[in-house]
Amino acid sequence: MTGHTHDLGEWASVLSLGVAVHASFSVFWFLLIDASRRDFHQELVHAGHDLAWAAASMRNELVPHAACLRHAVYEGRELARDAAALLLLLTTSPKGQLR
């Protein structure tokens, strides 16, 4: 057998795997053994507050952009109407004239 040395990346991957395995077993310990029903309820309340804050923050950020979008859509409709009217005028002839 030849001596195979491991580089730093291999050692880091093994250490990372060990930490991940330990963490995955620790999750079950803290959730099933060390927690009470009151802890879960309080975390759900905190999560609800966080979601409400995130929704309000997103709404405050998007409201000014929604007004700009409505304005752009309105201008787009006007532009399409004007283009259709111009196309109609260019492709039809007045009464009594032949091409």
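Before reading further, recall that the structure is shown in the block above.
Report on the accompanying structure. It should be emphasised that the depicted structure is a prediction, and the values quoted were computed from it without experimental measurement.

### Notes on the overall build of the chain
Secondary structure summary: the chain contains two helices and zero strands in total. Residues classed as buried in the chain amount to 1% of the 99 residues present. By element, 69% of the accessible surface of the chain is carried by carbon and sulfur atoms, the whole surface being about 9600 Å².

### Remarks on a nonpolar patch on the surface
On the surface, a nonpolar cluster with roughly 1200 Å² of combined accessible area is contributed by Leu17, Val21, Phe25, Val27, Phe28, Trp29, Phe30, Leu31, Leu32, Ile33 and Phe40. You can see isoleucine 33 is positioned in helix 1 (residues 8-33). Overall, isoleucine 33 belongs to the exposed group, its relative accessible area being 54%.

### Some points on the side chain of serine 26
Relative to the helices and strands, serine 26 resides in helix 1. Serine 26 sits in the buried class, given a relative accessible area of 19%. Polar side-chain contacts of serine 26 include one of 2.8 Å to the backbone oxygen of histidine 22.

### Structural notes on helix 2 (residues 37-91)
In this model helix 2 runs 75 Å from its N-terminal to its C-terminal C-alpha over 55 residues, within 8% of the 81 Å that 1.5 Å per residue would give. Its maximal kink placed at leucine 62, helix 2 deviates by approximately 35°, while the proline proline 64 follows within four residues.

What counts, and where the lines are drawn
- Residues numbered from 1 in each chain as written.
- Predicted model: local features only at pLDDT ≥ 70, side-chain atom pairs only at ≥ 80, totals over all residues.
- Heavy atoms only, no water.
- Helix = DSSP H or I, 4+ residues; strand = E, 2+ residues; numbered from the N terminus.
- Buried < 20%, exposed > 50% of the residue type's maximum accessible area, 1.4 Å probe, protein only.
- Areas by Shrake-Rupley, 256 points an atom, 1.4 Å probe, with all protein chains shown as cover.
- Patch = residues over 30% accessible without salt bridge, like charges linked within 9 Å, V, L, I, M, F, W, Y side chains within 5 Å.
- Salt bridge = Lys/Arg side-chain N within 4 Å of Asp/Glu carboxyl O.
- Polar contact = N/O pair within 3.5 Å; in protein donor to acceptor, adjacent residues only side chain to side chain.
- Expected span 1.5 Å × (residues − 1).
- Bend = angle between axes of the 7 residues up to and from the residue.

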